[in-house]
Amino acid sequence: MNMIRIGIGKDLHRLIKGRPFLLGGVELPSERGELGHSDGDVLAHAVTDAVLGAAGLGDIGTLFPSSDPKWKDADSMELLRSAWALVREAGYVLSNLDCTVTCEKPKILPYRDLIRSSLAAALDAPLEAVFVKGKTAEGLGPVGEGKAVEAEAVCLLNGGRQC
Ligand code: MG
């Protein structure tokens with residue numbers, strides 16, 4: 001029986017000087033970047049949680065705990081690819097993924113298609129299956145003050161081996 005499964009992922013990272021600003025494996029020019037145990041790629045983390053949650057296979061924190069030194073400075077796109085391998089192993093393909101990144105700067109739009117193709121490649125999906133939107137927080141809250149970046153992701157998976 002074919003199944004359609006929905007997943008949601010959300011993440012927030014502090015922004016500090018001297019770190020790369022990474023979104024879906026793409027580095028954007030920025031004075032500040034994400035603080036994190038791993039490389040801090042906030043979008044890769046949200047997407048990882050979305051696909052794992054859709055398949056009911058756990059979450060990024062249980063698969064790659066930040067208490068484990070093994071994941072220090074880990075490449076978050078590698079974590080996403082590992083998580084996706086589990087999801088694919090369970091028989092799913094990505095129907096689509098939709099994401100929103102909220103930060104005051106840098107602007108996401110000039111990098112959108114690069115980010116989309118990076119995520120699509122990691123998820124064995126065509127470019128059309130992945131979309132990314134950039135928003136600001138209108139100067140409000142920690143995101144609006146430029147102290148943090150937030151990402152949300154929703155995905156649909158098709159397939160599955162159960163039933
Ligand atoms: Mg994170």
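Below you will find a few notes about this structure. (Residues numbered from 1 in each chain as written. Predicted model: local features only at pLDDT ≥ 70, side-chain atom pairs only at ≥ 80, totals over all residues. Heavy atoms only, no water.)

**Quick look at the sheet that holds strand β1 (residues 3-17)**
Then, in step 1: Ordered in space as β4-β1-β7-β5-β6, the five strands form an open sheet in which the pairing is mixed. Single-partner strands in this sheet number two, and they are β4 (32-34) and β6 (130-135). Here the strands of the sheet are splayed against their neighbours by 20 degrees on average, with no regard to which way each runs.
Then, in step 2: Pairing between β1 and β4: three bridges, direction antiparallel. Directly across from I16, in β4, lies its bridge partner G33. (Pairing = 2+ DSSP bridges. Helix = DSSP H or I, 4+ residues; strand = E, 2+ residues; numbered from the N terminus. Axes fitted to C-alpha atoms, helices over the stretch in contact; angles between N-to-C directions.)

**Details of the packing of aromatic side chains**
Then, in step 1: For the structure on display, the rule yields one aromatic pair.
Then, in step 2: With centroids separated by 5.0 Å and ring planes inclined at 85 degrees, the aromatic side chains of F64 and W71 adopt a geometry described as edge-to-face. Comparing F64 with W71, the two get one shared label, buried. (Phe/Tyr/Trp six-rings, centres within 6.5 Å; stacked < 30°, edge-to-face > 60°. Buried < 20%, exposed > 50% of the residue type's maximum accessible area, 1.4 Å probe, protein only.)

**Describing the nonpolar core**
Most often, soluble globular proteins have nonpolar side chains that are buried together.
Then, in step 1: Ranked by internal contacts, the top residues of the largest apolar core, which has 42 residues, are L43, L97 and L119.
Then, in step 2: When residues of this core are assigned to their parent elements, the largest contribution, ten residues, is made by helix α1 (residues 42-55).
Then, in step 3: Apart from the residues within four sequence positions on either side, L119 is in contact with G24, L43, V47, M77, L80, L97, V130 and V132. (Core = buried A, V, L, I, M, F, W, Y, C linked by side-chain atoms within 4.5 Å. Contact = heavy atoms within 4.5 Å.)

**Some words on the environment of A153**
Then, in step 1: In this fold, A153 is placed in strand β7 (residues 148-159).
Then, in step 2: The class for A153 is buried, based on a relative accessible area of 0%.
Then, in step 3: Each C-alpha atom of the pair A153 and G9 lies 5.0 Å from the other, and the pair is 144 residues apart in sequence.
Then, in step 4: Not counting residues within four places of it along the chain, the set of residues in contact with A153 comprises G7, I8, G9, A46, V47, A50, L97, D98 and C99.

**Looking at the environment of G146**
Then, in step 1: By the secondary structure assignment, G146 is in the loop between α5 (141-144) and β7.
Then, in step 2: Measuring from C-alpha to C-alpha, the distance between G146 and L15 comes to 7.2 Å, with 131 residues separating the pair along the chain.
Then, in step 3: Non-local contacts of G146, meaning those with residues more than four positions away in its chain, are made with L15, R32 and E104.

**Regarding the coordination of the magnesium ion**
Then, in step 1: In the first shell of the magnesium ion, the protein supplies D11 (OD), H13 (NE2) and H45 (ND1), at 2.0 to 2.2 Å from the metal.
Then, in step 2: Along the chain, the residues that donate to the magnesium ion are spaced as D-x1-H-x31-H. You can see D11 sitting in strand β1 and its partner H45 sitting in helix α1, a full 34 residues away along the chain. For the pair formed by D11 and H45, the shared burial category is buried. (Donors = N, O, S within 2.8 Å, 3.2 Å for Na, K, Ca; no water.)

**Considering the pattern of salt bridges**
Then, in step 1: One pass over the structure, following the stated rule, counts eight salt bridges.
Then, in step 2: The shortest N-O distance in the salt bridge between D73 and K72 comes to 3.8 Å.
Then, in step 3: It is possible to trace a salt-bridge network through shared partners that takes in R19, K72 and D73. (Salt bridge = Lys/Arg side-chain N within 4 Å of Asp/Glu carboxyl O.)

**Observations concerning helix α4 (residues 112-122)**
Then, in step 1: Of all the residues in α4, the buried ones are I115, R116, S118, L119, A120 and A122.
Then, in step 2: In this fold, the buried residues of α4 make contact with β2 (21-23), β3 (26-28), α1, α3 (76-89), β5 (92-102) and β6.
Then, in step 3: Note on α4: the residue one or two positions beyond its end, D124, has a positive phi of about 50 degrees.

**Focus on the packing of α3 against α4**
Then, in step 1: Where α3 meets α4, the axes come as close as 9 Å, and the angle between the chain directions of the two elements is 40 degrees. In terms of orientation, α3 lies oblique with respect to α4. Contact with α3, carried on its side by M77, L80, R81 and W84, involves S118, L119 and A122 of α4 and no other residues of that element.
Then, in step 2: A breakdown of the residues in the contact of α3 with α4 according to their chemical character gives five nonpolar, one polar and one charged. (Parallel < 35°, antiparallel > 145°, perpendicular 65-115°, else oblique. Nonpolar A, V, L, I, M, F, W, Y, C, P; charged D, E, K, R; others polar.)

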